[in-house]
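Commentary on secondary and tertiary structure
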Amino acid sequence: MTSCPLPLTTKDRILLGHGSGGKLSAELLRDIFLRVFHSPVLGRLEDQAVLEIGSERIAFTTDSFVVKPLFFRGGDIGSLAVHGTVNDLAMGGAEPLYLSAGFILEEGLSTEVLARVADSMARAAEAAGVEIVTGDTKVVEKGKGDGLFINTTGIGRIPAHVNLSTMDVRAGDCVLLSGFIGDHGIAILSERESIGFETNVTSDSAPLHTLVRDMLRAAPGIRMMRDPTRGGVASTTNEIAEKARVGIELVESAIPVRDEVRAACELLGFDPLHVANEGKLIAIVARENADPVLAAMRAHPLGANAAMIGSVTERHPGLVTLRTPFGTSRIIEMLAGDQLPRIC
Amino acid sequence: MKFLDEYRDPRLAQSLVAEIRRIATRPWVLMEICGGQTHTLMKYGIDELLPESVELVHGPGCPVCVTPLELIDKAIAIASIPDATLVSYGDMLRVPGSSSDLFRVKAAGGDVRIAYSPMDALAIARRHPERRVVFFAVGFETTAPANAMTVWQAKREGLKNFSVLVSHVLVPPAIRLLLGSRSNRVQGFIAPGHVCTVMGYTEYEELAAEYKVPFVVAGFEPLDLLQGILMLVRQLEEGRAEVENQYVRSVTRNGNEAARRRMLEVFEVGDRKWRGIGEIAASGYLLRPEYAAFDAERVFGVQTTTAAEPAECISAQVLQGLAKPVDCAAFGTRCTPETPLGAPMVSTEGACAAYFQFRRHA
C-alpha cells in the first residue's frame, strides 16, 4: 500500500467544508482547538458557555457571520448576526441581555451598505430586547475580505430553575421541532447569481428566546435545546446522539418541510435535513412533558408549525435514523463536506 | 408536491410489493443500471421491502464513479494553471485523483467553480475573456446533449477561451460487456430512464434479443422502480425477454431525436476507459475533429501518468454488480465519504456512498 496515493487526508489545508457545521467542522474543533484549549466549560461543547459568577449563572457565546449575499429575502447579515447570537444564548435557556458587535470591513465597501446593515442590527436588537453595548471596527485591503463580516458576542442570564444539558437526554424522550425546515438555506441559495432558480422562500431568521421562555414555563422536563443552523437538523441531531450516546429515530412524515423547499432540494439534490435554519429549534423533552411543551410552542408565533418529529432510543447509540413512509428505515448522516457555502 | 407525491405513495407501494411477492416463484437477480436509481432504492429501503428471492445488484451507471483517474488528474492539472478556470458539477470536486482532488486545488488557490449547467461555464467564459474556462463534461448519454449544445454554441459565438474536458460514456457497451462475462449473474435489467429519454430504447432491444434478457426502462421515483421491478419479474416468470417501458411519461422508443442530432454534430463514438472496469471499445463520446479547438486536452496539452488504484478497493466488482459495497473489508472503516478509497464512495450516485449513507445500521 505504500505506493498507493489514497486516501487523501483532510488535514493539510482548510477547505470550505471545514466551515459547514458538519463532520469537517467537528474534526477541526477536535484536532486543533480542543487539543490546546483545555477549559472544562468549553469541553461541554454546548452552543453557549455557562459561567457561575457569584450567585448568578451567565450564558456567554460568540458567533461570526460571513453570509453572502449581505441582503436576502427575510433578513440581512446584520439581523442574522443579532438573531444568531441571541439564539445561541436562548438554547441554554438564557434570557439574552447584551451583545458586542465587531465589524471587519473591506476597503471600498459602500457606507450606505454599512449604514443599512447597522440599522438592521439596531432594529433586530431592539425587537429582541437586547442592547449592543460594545463594538469594534477593522478595515482590510480591497480583495482581502468580502465586503463585510460581523462577529457578535452575547451575554445572558439563566433563570435559577433552568438547567439544560445534552448529557441529560434519555432513551424514551421526545424530539420536538419548532417549524418548517430548510427555509434559510434555500432562500440564500436562490439568491446566488451562479444558480439559476427562483423561489419565494424567505429566510426564517428570528430570535427564539421568547419561544424558549414560553416552553420553559409550560412544563419541566426539557432536557436540552439546539438551533439547527449550519448542517441542518441532520447535523444537530447527530451531535446530540453522539454526545449523549443515544440513538435518535426521526419520522419522515412528521418533519415539516414547505413544498417550495422540498422542490428546490429535489432540483439541487439536497436533503432538507441538511439545509440550514436560522429561526428554528430542536428540543429534547421527557415524554410525559412533551404535550404541554408542544402546545406552548404552537401557541407562540415562531412555533405555530411545531411538531413531534421523533424519539430517543437506546438502540444504535450515536446514530440517527429516519423512518420512511414506506415503513423502512435509513441512516441520517451529518453533512459531510460542504453543501451551501457561506450561509451565515 | 405535484408530480412527486403521486410517485411516492406508500399505499400504492405496498400493493406493488404485494404483487411482486405474489408472482415471484423463483430467485431472480436484477440490476438497476443507473446510480440515481440505486440512490432511490437505498433511500426508501425498497430492497428491504422485496421478497428475499428478488435480489438487486447495482450497476455501473454512476458517471463520477467511472470517470478514469487520468482524467481527474488532468482536471486537477488544468485547474492548477493560473489563467484557467475549471467548472464542474459539484460531485467531481471530491473525487480523489492520484495525489489530490479539486477541492484541494481550490483551497490552494486554483479557480474551481461548481455549476449546475454547462451553460453556466459558457457564461463565465463570456464574462471573463482573460481566463481560459474549461467545463468538465462528465456523464452518460443524459448530459451529453447539453454539453454538446454548449460546445456548439461556443463555436457559433467564436469563443476562444472556452473548452471542455470530455469524459462521456455510453450505457449499452458496458451492459454488453457485463452480459458477455462468464461471471455475470444478472438476469434482468432496469434500464436507465433518463439515458433512454435521450436515446430511446432500440439499443436495449438488440441486447434483449441477443442475450435473451429482459429490460424495463424505469424512472427514478420509488413507485417507478417498484413497478419496473414488478414488470421485470413478470417477464422473467413468464420466460419473456423483451424491452418494456415503465417510464412512459418521459421515454419514447426513439427518444429525443433533435437532441441526438445536435449531440452527434459535436461528438462521435470512440473508445473510452472506465474507472474500475478498463477500456471498452466504442463506449463513449469524443469531440469530432471539427471541434478540436474546444478540446481541453489539446488546448492545455497536460500530461499525467497513471497511478494505481488502491489495492483494497473493490469498486471494479461493485460497478459490475459482482459484489455489494458491504462485501468490502474497508467499507465504513478505512473507506468513508470523508476518506474515500474509490469513487463509488464519493458520488451521491455511487453504490458505496448510498450504502454508507443509508444502510450502516442494518
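Residues numbered from 1 in each chain as written. Chains lettered and ligands numbered in written order. Predicted model: local features only at pLDDT ≥ 70, side-chain atom pairs only at ≥ 80, totals over all residues.

Next up on the list: the nonpolar core. By size, the foremost hydrophobic cluster in this structure holds 211 residues, and its most contacted members are A:Leu176 and B:Val134. Per element, the largest residue contribution to this core is 9 residues, and it comes from helix α12 (residues 222–237) of chain B. (Core = buried A, V, L, I, M, F, W, Y, C linked by C-beta atoms within 7 Å. Buried ≥ 20, exposed ≤ 12 C-beta atoms within 10 Å, placed from the backbone. Helix = DSSP H or I, 4+ residues; strand = E, 2+ residues; numbered from the N terminus.)

Turning next to the pairing of strand β4 (residues 111–114) of chain B. Residue and element names in this part refer to chain B. Pairing geometry for strand β3 (residues 84–88) and β4, over 4 bridges, is parallel. Within the sheet, the bridge partner assigned to serine 88 lies in β4 and is isoleucine 114. Handedness of the crossover joining β3 and β4 through helix α6 (residues 102–107): right-handed. (Pairing = 2+ DSSP bridges. Right-handed = clockwise from strand over helix to strand, strands pointing away.)

On to the pairing of strand β12 (residues 307–313) of chain A, then. Residue and element names in this part refer to chain A. Direction of pairing for strand β8 (residues 174–177) relative to β12: antiparallel, over a ladder of 4 bridges. When the bridges of β12 are listed, valine 175 appears paired with glycine 310. Relative to β12, strand β10 (residues 247–251) runs antiparallel, the two sharing 4 bridges. What sits directly across from leucine 250, in β12, is glycine 310.

Residues and elements named next belong to chain A. If you check the domain split of chain A, you get domain 1 (45–158) and domain 2 (166–332). Inter-centroid distance (C-alpha atoms) of domain 1 to domain 2 is 23 Å. Listed as interface residues are 21 residues of domain 1 and, on the opposing side, 21 residues of domain 2. Among the secondary structure elements, those contributing two or more residues to the side of domain 1 that touches domain 2 are α3 (77–90) and β5 (95–106). (Domains from an automatic or database assignment. Contact = placed C-beta atoms within 7 Å.)

Here we come to the environment of A:Leu211. Tracing the backbone through its elements, the reader meets A:Leu211 in helix α6 (residues 209–218). Those residues in contact with A:Leu211 that sit more than four places away from it in its chain are A:Ser178, A:Met297, A:His300, A:Leu302 and A:Gly303.

Quick look at helix α11 (residues 202–211) of chain B now. All names here are of chain B. Every buried residue of α11 is listed here: Glu203, Tyr204, Leu207 and Ala208. In a view along the axis of α11, the buried residues occupy a sector of 140 degrees, so they form one face of it. The outward face of α11, more than 90 degrees from its buried face, is lined by the exposed residues Thr202, Ala209 and Glu210. As for α11, its buried residues are in contact with α9 (171–180), β7 (188–192), α10 (193–199), β8 (215–218) and β9 (243–245). Lysine 212 sits one or two residues past α11 and shows a positive phi near 55 degrees. (Arc of directions from axis to C-beta.)

Glancing now at the domain arrangement of chain B. All names here are of chain B. By the assigned domains, chain B splits into domain 1 (1–309) and domain 2 (315–359). Taken together, the 26 residues of domain 1 in the interface contact 21 residues of domain 2. Mapped by element, the contributors of at least two residues to the side of domain 1 that touches domain 2 are α2 (35–44), β2 (54–61) and α4 (63–66). Take the side of domain 1 that touches domain 2: its biggest share by element is 6 residues, from α2. A breakdown of the residues in the side of domain 1 that touches domain 2 according to their chemical character gives 13 nonpolar, 8 polar and 5 charged. (Nonpolar A, V, L, I, M, F, W, Y, C, P; charged D, E, K, R; others polar.)

All right, on to the sheet that holds β7(B) then. All names here are of chain B. Strands sit in the order β2-β1-β7-β8-β9 across an open sheet of 5 strands; the sheet is parallel. Here the strands that pair on one side only, and so sit at the sheet edges, are β2 and β9. Strand after strand, the sheet turns through a mean of 25 degrees between neighbouring axes, direction not considered. Its contacts with the sheet place α2 against β1 (28–34), β2, β7 and β8, and it is angled at close to 120 degrees to β1. (Axes fitted to C-alpha atoms, helices over the stretch in contact; angles between N-to-C directions.)

Moving on to the sheet that holds strand β13 (residues 320–323) of chain A. All names here are of chain A. The strand order across the open sheet formed by 7 strands is β9-β11-β8-β12-β10-β13-β14, and the pairing between neighbours is mixed. Because the sheet does not close on itself, it has two edges, and the strands there are β9 (222–226) and β14 (329–332). Here the average twist between neighbouring strands, direction ignored, is 25 degrees. Relative to β13, β10 is paired through 4 bridges, and the arrangement is parallel. Directly across from valine 251, in β13, lies its bridge partner arginine 323.

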